[in-house]
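A look at the structure
Each chain, written out:
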Amino acid sequence: NQTMDIDNLLHENLHAAMRDHDDLQKRVVRLLMSSIKLAEVNKGSKLDENEFIAVVQKEIKTRKDTILDAQKASREDLISEARDEILALEDYLPKQLTEDELVNLTRSVIQETGASSPKDMGKVLKILIPKLAGRATNQDASRVVKFCLENQA
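Within every chain, residues take consecutive numbers counted from 1 along the sequence as written. Side-chain atom pairs in this predicted model are given and counted only at pLDDT of 80 or more, local residue features only at pLDDT of at least 70, and totals for whole chains, interfaces and linings cover all residues. The basis for every side-chain value is the complete set of heavy atoms in the structure, and neither hydrogens nor water enter the calculation.

This paragraph deals with the overall build of the protein chain. Of regular secondary structure, the protein chain possesses 7 helices and 0 strands. Numbering goes from the N terminus for both helices and strands, where a helix is a DSSP run of H or I of at least four residues and a strand is a run of E of at least two. Taken from N to C terminus, the helices and strands of the protein chain fall in the order α-α-α-α-α-α-α. Considered along the principal axes of its C-alpha atoms, the protein chain spans approximately 55 × 45 × 25 Å. Buried residues in the protein chain amount to 39% of all 153 residues. A 1.4 Å probe rolled over the protein chains alone gives each residue an accessible area, and that area as a share of the maximum for its type sets the label: buried under 20%, exposed over 50%, partly exposed in between.

Given below as structure tokens:
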């Protein structure tokens, strides 16, 4: 059962972080544990692997937003902290696709669906997103699908 593995992994990582006095890891693991608990309460059951990945991606997006706000306020300390947290969070994601891999996968799905214009975006994303299995964000997928459909010549 995948959910048990996630819980065990997080607990082991938390203990290791405490043992190593690694404040960043402690903070990130605790943050993930509470985000998962909240998501499980909302769902009414344990998260599956894809839902766990979605929680991690959401936390990364939150940190990216923090960086944008911190840049406006010239808060280097907050920028650096958020970047460190993003790197630590990315360890919980499957290996991410490169831009080229994402474009190639998108093109094959476009071919498979016979999509021909940006209005077919939904049809392409419906098939593409499950194939990504957390290896790219839905935001990146949308951006690449839109680009590929607009530049199909």
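Unfilled space is identified by rolling a water-sized probe across the atoms. The definitions used throughout rest on a 1 Å grid laid over the protein atoms alone, on which a cavity is an enclosed set of points accommodating a 1.4 Å probe that cannot get out and a pocket is an open set flanked by protein within 12 Å on both sides along at least five of seven lines; lining residues are those having an atom within 4 Å of a point. Grid points are joined across faces, edges and corners, and a volume is the space filled by probe spheres set on the points. By volume, the largest pocket amounts to about 610 Å³. Lining of the largest pocket is provided by 28 residues; of these, Gln 57, Gln 96, Ala 136, Thr 137 and Asn 138 occupy positions nearest its centre. Elements that contribute at least two residues to the lining of the largest pocket include exactly helix H3 (49-72), helix H5 (99-113), helix H6 (121-132) and helix H7 (138-150). Top contributing element to the lining of the largest pocket by residue count: H3, with 9 residues. When residues are grouped by polarity, Ala, Val, Leu, Ile, Met, Phe, Trp, Tyr, Cys and Pro land in nonpolar, Asp, Glu, Lys and Arg in charged, and all others, Gly among them, in polar. A class-by-class count of the residues in the lining of the largest pocket yields 11 nonpolar, 8 polar and 9 charged.

What follows concerns helix H2 (residues 23-43). Between its first and last C-alpha, H2 extends 30 Å over 21 residues, near the 30 Å set by a 1.5 Å rise per residue. Turning to H2, its buried residues are Gln 25, Lys 26, Val 28, Val 29, Leu 31, Leu 32, Met 33, Ser 35, Ile 36, Ala 39 and Glu 40. Here a polar contact is recorded for every N or O atom pair within 3.5 Å, except that within protein the pair must consist of a potential hydrogen donor and a potential acceptor, and residues adjacent in sequence are included only if both atoms are side-chain atoms. Among the residues of H2, the N-terminal cap falls to Asp 22, whose side-chain oxygen and the backbone nitrogen of Leu 24 are separated by 3.3 Å. At the exit of H2 stands Gly 44, carrying a positive phi of roughly 85 degrees. Multiplying 1.5 Å by the residue count of a helix minus one yields the expected span of that helix.

The next thing to look at is the nonpolar core. Leu 10, Leu 32, Ile 36, Phe 52, Val 56, Leu 89 and Tyr 92 are the most contacted members of the largest nonpolar core, which totals 25 residues. For this core, the secondary structure elements donating two or more residues are helix H1 (2-19), H2, H3 and helix H4 (76-90). By definition, residues are in contact when any of their heavy atoms lie within 4.5 Å. Not counting residues up to four positions away in its chain, the partners in contact with Leu 32 are Leu 10, Val 55, Val 56, Leu 89 and Tyr 92. Buried Ala, Val, Leu, Ile, Met, Phe, Trp, Tyr and Cys residues that are joined via side-chain atoms within 4.5 Å together make up what is termed a nonpolar core. Core analysis: the next-biggest nonpolar cluster, separate from the first, contains 18 residues, Val 103, Val 124, Ala 136 and Val 145 among them.

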